[in-house]
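Secondary and tertiary structure notes
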Amino acid sequence: MDRILNLFRKDKKNEERKEFLKCLFNFIKKNEVRGDYCEFGVYRGGTFAEAYKIAEAKELDMTFWAFDSFEGLPEDSGVFKKGTYKASKELFLRNFVKLVKPNKDNVKVIDGWFKDTLPNIKIDKIALAYVDCDIYSSTKEVLNFIAKSLQKNSILVLDDFHYGKGEREAFEEWLLEKNIKVEKYRPYSWKAESFIVK
């Protein structure tokens, strides 16, 4: 019985995620937002694969960036523990290829700690940034990195905005420091929020 309930919950969560991502990409297409999809903290690749499938179905011209250390979280922080969400790059790629038939030319997987990898990456424009970093330090590194690539109507998702304090604190601090204006768009599950850059 427990196994059936868990499968039901997983299916429900996957369906909610799919509808949420469809809504985001519908906005991007309708408003002709140019730029790439960037996901920070991809874990086993479920969200990344779903985003790829939806964007490809809508014939959006974008590069899909997957950023992760594949070593789990870098440190303890509040409710989060060092090493949590560890999944190998090989597992991520296996899951991704199993779920979609990717065009390898428009997918880039960047493995390593954000502090080491992000300074070496240049992305012209970001249409959608999916931030699932969990903790303050990683979230702040990512937000500082994407600031120069955002534009009007870019979408930001913070997956753990209402879980723990790290993502929310980093985000609110970053908005003040960079003088970036956003409008709350729509929530996802009980813990995530999305925002549109104004």
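The sections below set out a description of the structure shown in this document. As the structure is a computational prediction, the values presented were derived from the model and not from experiment.

Together, Y43, V79, Y85, Y163 and W190 make up an exposed nonpolar region whose accessible area comes to about 510 Å². Along the chain, Y85 falls in the loop between β2 (64–68) and α3 (89–99).

With that settled, the discussion passes to the side chain of Q151. Within the secondary structure layout, Q151 lies in the loop between α5 (136–146) and β5 (155–158). Classification of Q151 as buried rests on a relative accessible area of 19%. Of note is the side chain of Q151, whose polar atom sits 3.3 Å from the backbone oxygen of I126. Once residues lying within four places of it in the same chain are set aside, the contact partners of Q151 are V33, R34, K125, I126, A127 and V197.

Our focus in this paragraph is the packing of α5 against helix α6 (residues 166–178). Contact pair α5 / α6: the axes reach a minimum separation of 8 Å and the direction vectors enclose 35°. Like other packed secondary-structure pairs, α5 and α6 cross with a definite hand, here right-handed. For the pair α5 and α6, the contacting residues are Y136, T139, K140, L143 and N144 in the first and G166, E167, E169, A170, F171, E173, W174, E177 and K178 in the second.

Let us now look at the pattern of salt bridges. Counted according to the given criterion, the structure contains 11 salt bridges. Close ionic contact of K22 with E19 constitutes a salt bridge, the shortest N to O distance being 3.7 Å. On the criterion of helical spacing, the pair formed by K22 and E19 is a turn pair, its members being three residues apart in helix α1 (residues 2–30). Note on E19: relative accessible area 38%, which makes it partly exposed. Across the salt bridge formed by E172 and R168, the nearest N and O atoms sit 3.1 Å from each other. Taken together, the residues span about one helical turn, with E172 and R168 both in helix α6 at a distance of four residues. Its relative accessible area of 39% is what places E172 among the partly exposed residues.

Rules of the game
- Residues numbered from 1 in each chain as written.
- Predicted model: local features only at pLDDT ≥ 70, side-chain atom pairs only at ≥ 80, totals over all residues.
- Heavy atoms only, no water.
- Patch = residues over 30% accessible without salt bridge, like charges linked within 9 Å, V, L, I, M, F, W, Y side chains within 5 Å.
- Areas by Shrake-Rupley, 256 points an atom, 1.4 Å probe, with all protein chains shown as cover.
- Salt bridge = Lys/Arg side-chain N within 4 Å of Asp/Glu carboxyl O.
- Helix = DSSP H or I, 4+ residues; strand = E, 2+ residues; numbered from the N terminus.
- Buried < 20%, exposed > 50% of the residue type's maximum accessible area, 1.4 Å probe, protein only.
- Polar contact = N/O pair within 3.5 Å; in protein donor to acceptor, adjacent residues only side chain to side chain.
- Contact = heavy atoms within 4.5 Å.
- Axes fitted to C-alpha atoms, helices over the stretch in contact; angles between N-to-C directions.
- Left-handed = near helix turned anticlockwise from the far one by under 90°.

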